[in-house]
Amino acid sequence: MRRKAVIAVLIILCFILQCTVFQALALAGISPNLLLIVTTSLGFMRGEKEGMAVGFFCGLLTDIFFGSLFGFYALLYMFLGYGSGLFHMMFYDEDIKLPMVWIALSELVYGLSVYFFMFLMRSKFDFGFYFTHIILPELVYTVALTLVMYRLIRRLNRMLERWEEPPSEYSALSGRQSGLDKHTEDFE
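It should be emphasised that the depicted structure is a prediction, and the values quoted were computed from it without experimental measurement. (Residues numbered from 1 in each chain as written. Predicted model: local features only at pLDDT ≥ 70, side-chain atom pairs only at ≥ 80, totals over all residues. Heavy atoms only, no water.)

Counting its regular elements, the chain contains eight helices and zero strands. A buried classification covers 40% of the 188 residues belonging to the chain. Of the accessible surface of the chain, which amounts to about 11,300 Å², a share of 69% is contributed by carbon and sulfur atoms. (Helix = DSSP H or I, 4+ residues; strand = E, 2+ residues; numbered from the N terminus. Buried < 20%, exposed > 50% of the residue type's maximum accessible area, 1.4 Å probe, protein only. Areas by Shrake-Rupley, 256 points an atom, 1.4 Å probe, with all protein chains shown as cover.)

Following this line, the structure appears as structure tokens:
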């Protein structure tokens, strides 16, 4: 339960930062996609189910506040979260190369999907302009921010995993095993 609450706060915080602070720090009108970083990072660290759940809620927030086609972003983020969760078995805690490459590929898929479904379907065919002025700069900005954000999310994930660990069989205070009854302790 605690994990879900912390992840919900993380999603909301990243959404607020993406819509406020990083809009003010936009370079040439392009801001990084923090929700994509959170979705792919948590999917990569925790697996397909958590990647899909985080992706769904990140996309749902985007759909509610900015989407013109309700459910599009929820489905897209859910797909990207699931895809990143497939690499969960290849996850090495300290290695940042694979997550960086996957986040870059996810950003590219995200940009191409938005172009195809939101612009191409409405007969806006200037792909070259869209790719060089929107997709590519957002990809670079998102990957650059991933260097910082991924480490923070990794620390948060470690903290959550420590909270979820069952207590060890040795008591930290007495140095004795914690599951022993009174009769067993007399024979020690």
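The rest of the description comes next.
Attention now goes to the environment of Leu 60. If you trace the backbone, Leu 60 turns up in helix α4 (residues 48–66). We classify Leu 60 as partly exposed; its relative accessible area is 22%. Expressed as a C-alpha distance, the spacing of Leu 60 and Leu 75, which sit 15 residues apart in the sequence, is 8.6 Å. Sequence-distant contacts of Leu 60, that is, excluding residues within four places in its chain, are made with Phe 70 and Ala 74. (Contact = heavy atoms within 4.5 Å.)

With that settled, the discussion passes to the packing of aromatic side chains. With the rule as written, the count across this model stands at 15 aromatic pairs. Linked through ring pairs, Phe 72, Tyr 73, Tyr 77, Tyr 110, Phe 116 and Phe 117 together constitute an aromatic cluster. Residue placement shows Arg 2 over the ring face of Trp 163; its charged tip is 4.6 Å from the ring centre. (Phe/Tyr/Trp six-rings, centres within 6.5 Å; stacked < 30°, edge-to-face > 60°. Lys NZ or Arg CZ within 6 Å of the ring centre and 35° of its normal.)

A few words now on the confidence of the model for the chain. On average, residues of the chain score 85 in pLDDT, and 87% of them are at 70 or above. At the level of individual helices and strands, the chain shows its lowest average pLDDT in helix α8 (residues 182–186), which scores 45, and its highest in helix α5 (residues 72–85), which scores 95. Low pLDDT, under 50, characterises residues 176–188; the predicted model gives this stretch twelve contacts beyond four residues in sequence or across chains. (pLDDT = per-residue confidence, 0-100.)

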